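# Inside the fold
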Amino acid sequence: MLELKGVSKQVGDETHIGEATLTLERGTLNVLLGPTLSGKTTLMRLMAGLDRPTRGSLWFDGRDVTGVPVQKRNIAMVYQQFINYPMMTVYDNIASPMRLAGADRATIDREVRQAAELLKLTPYLDRQPLNLSGGQQQRTALARAIVKKAGLVLLDEPLANLDYKLREELRTELPKIFQESGAIFVYATTEPSEALLLGGNTATLHEGRITQFGPTIEVFRNPADLITATTFSDPPLNTLALTKAGPVFRLADGQTLAVPGGMTRLPDGRYTAGFRPHHLTVAPGGSDAIAFAARAFVTEFNGSESFVHVDFAGERWVMIAPGIHDHEIGEMLNLYLEPRHLMFFDATGRAVQLAAGLRAQAV
C-alpha cells in the first residue's frame, strides 16, 4: 500500500502540489487525470523518490519512505519521453532489470519473450533502439517495466506516441497485465476517455490539487465539484449560469425555464448547471426533456460524429451527434436535454444534492 499523507511540493513561491492525501492499494490501477501542468508528473516524481516533498510524508507497506532515494525503491517508471539503453538490443533492454535482480537465464528468456509478444516486439529483439520507430522504442520501455516485477509502477502518458490501433489494444490489455502482478500502478493521462477505458480508480488534479479520488466510473458520474466535472469532460463540459426562483430558472439574458419536476426541492438561489456534450440532442428523448433554441456557429466532423458548436443565452455549448449534421452559421436549432443528466453546483463550485438525497448522474 502506498500512502501520501499531506504531501506538498513548493518550488520558490510556487506550489506545485498542495496537501495531497491519497491511499493506493496493491493490485490496483490508479489514474491521475488532469490537463498539462496540473501536477501529474510532479506527483509521480514524489511517489518515486525522485523529488522530496516540502511537507508531508510517503509510506509504502507501512514504512516511511519519504527520504528514500529512487535507487533504493522497487519501482518501474515509463515516461512519454521513452528512455532505453541505445547500445543494447531490444532483448537486452527488456532483460536489464531482471539481470540486475539476479534472475536465471531461463526465467529471463521466458519473461522477455512473453513481454515482447504482448507488445508486438518479437521481430525486433535483435535490433538496437535507434533502429526502431518512436512507437517501438516506447513499447520497449513498457516491456522493461512489465518484466521488472516492481511493487510500484509509474506510467506517465506512456501510450501518447503510439499509433491509434496499438494504443487501443494496449489500453485493454495493460490493466489485466498489471493487476495480476499485485503491484500498485499509477497511470497519468490528460484524456478523460483514456481514464474511462482503463477503469480502476481515478484522481482528478487541478493546479497541483487532488480534487477527487475514487472508482473511475463513480468520479465520472458523480463529480464532487465543478472543477472535477470539467476535468473529466472532453469536449468541455457545457455550463449554464442560472437562478432558481420558485418554479422557474432565470437565466442571465432574462430567459426563463420551467424547473423540472425532480428538481422542485432544490433551494432557491444561484447555481451553475452542467451537462456533457453527448447529452444534448436534436430530438427529445422523453416527455420531460428540456428544450433550448440555440444558434449554430460552427460544425466539425470526425467521420462518424458531428461536433456542433452553438450559442445559448451567452454560453458556448458543444453537442456531439452521431452521423453528419451540417448546419449553417447562425442557423437556429431546437435542442433537447434530459433533466437527469443535469448536474448543479453552488456558488463555491460544490456539487448540490438533489431530491431524495441523490445527485444527478452524468452518465
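Given the structure is predicted, the values throughout are model-derived calculations rather than measurements.

### Looking at the nonpolar core
By size, the foremost hydrophobic cluster in this structure holds 41 residues, and its most contacted members are Ile94 and Leu170. Dropping the residues within four chain positions of it, Leu170 is found in contact with Leu119, Leu142, Leu159, Leu162 and Pro175.

### Focus: the packing of helix α3 (residues 105-118) against helix α4 (residues 134-148)
Remark: α3 packs on α4, axes separated minimally by 9 Å, with the N-to-C direction vectors making an angle of 135 degrees. Compared by their axis directions, α3 and α4 come out oblique. Crossing of α3 against α4: the hand is right-handed. Packed against α3, whose contacting residues are Glu111, Val112, Ala115 and Leu118, the element α4 presents Ala143, Ile146 and Val147 at the interface. Class assignment for the residues of the contact of α3 with α4 results in 6 nonpolar, no polar and 1 charged.

### Side note on the side chain of Thr231
Position of Thr231 among the secondary structure elements: in helix α8 (residues 226-231). Owing to a relative accessible area of 13%, Thr231 belongs among the buried residues under this scheme. Engagement of the side chain of Thr231 in a polar contact is seen with the backbone oxygen of Ile227, the distance being 2.8 Å. Residue contacts for Thr231: discarding those within four places in its chain leaves Leu33, Gly34, Pro35, Pro192, Thr204 and Leu205.

### Details of the packing of aromatic side chains
Scanning the entire structure with this criterion turns up 7 aromatic pairs. Taking the centre distance of 5.0 Å and the plane angle of 80 degrees together, the rings of Phe292 and Phe312 count as edge-to-face. Here the residue Phe292 occupies a position in strand β16 (residues 290-301), and Phe312 occupies one in strand β17 (residues 305-312), the gap between them amounting to 20 residues. Here Phe292 matches Phe312 in class, with each residue buried. Ring geometry for Phe292 against Trp317: centres 5.1 Å apart, planes inclined by 90 degrees, an arrangement best described as edge-to-face. Placement of the pair is Phe292 in strand β16 and Trp317 in strand β18 (residues 315-322), with a sequence separation of 25 residues. Pair check on accessibility: Phe292 and Trp317 agree, each one buried. Members of the aromatic cluster, connected to one another through ring pairs, are Phe275, Phe292, Phe312 and Trp317. The residue whose ring lies beneath Arg276 is Phe220, and the NZ or CZ to ring-centre distance is 3.9 Å.

### Side note on the sheet that holds strand β7 (residues 152-156)
Reading across the sheet, the 6 strands line up as β6-β7-β8-β3-β9-β10 and stay open at both edges, with mixed pairing between neighbours. In this open sheet, the two edge strands, each paired with only one partner strand, are β6 (75-79) and β10 (209-215). Adjacent strand axes in the sheet meet at a mean angle of 15 degrees, parallel and antiparallel pairs treated alike. With 5 bridges connecting them, strand β3 (residues 29-33) and strand β8 (residues 184-189) associate as parallel partners. Each residue of the ladder has a partner; that of Leu29, found in β8, is Phe185.

Reading guide: rules and limits
Residues numbered from 1 in each chain as written. Predicted model: local features only at pLDDT ≥ 70, side-chain atom pairs only at ≥ 80, totals over all residues. Heavy atoms only, no water. Core = buried A, V, L, I, M, F, W, Y, C linked by side-chain atoms within 4.5 Å. Buried < 20%, exposed > 50% of the residue type's maximum accessible area, 1.4 Å probe, protein only. Contact = heavy atoms within 4.5 Å. Axes fitted to C-alpha atoms, helices over the stretch in contact; angles between N-to-C directions. Helix = DSSP H or I, 4+ residues; strand = E, 2+ residues; numbered from the N terminus. Parallel < 35°, antiparallel > 145°, perpendicular 65-115°, else oblique. Left-handed = near helix turned anticlockwise from the far one by under 90°. Nonpolar A, V, L, I, M, F, W, Y, C, P; charged D, E, K, R; others polar. Polar contact = N/O pair within 3.5 Å; in protein donor to acceptor, adjacent residues only side chain to side chain. Phe/Tyr/Trp six-rings, centres within 6.5 Å; stacked < 30°, edge-to-face > 60°. Lys NZ or Arg CZ within 6 Å of the ring centre and 35° of its normal. Pairing = 2+ DSSP bridges.

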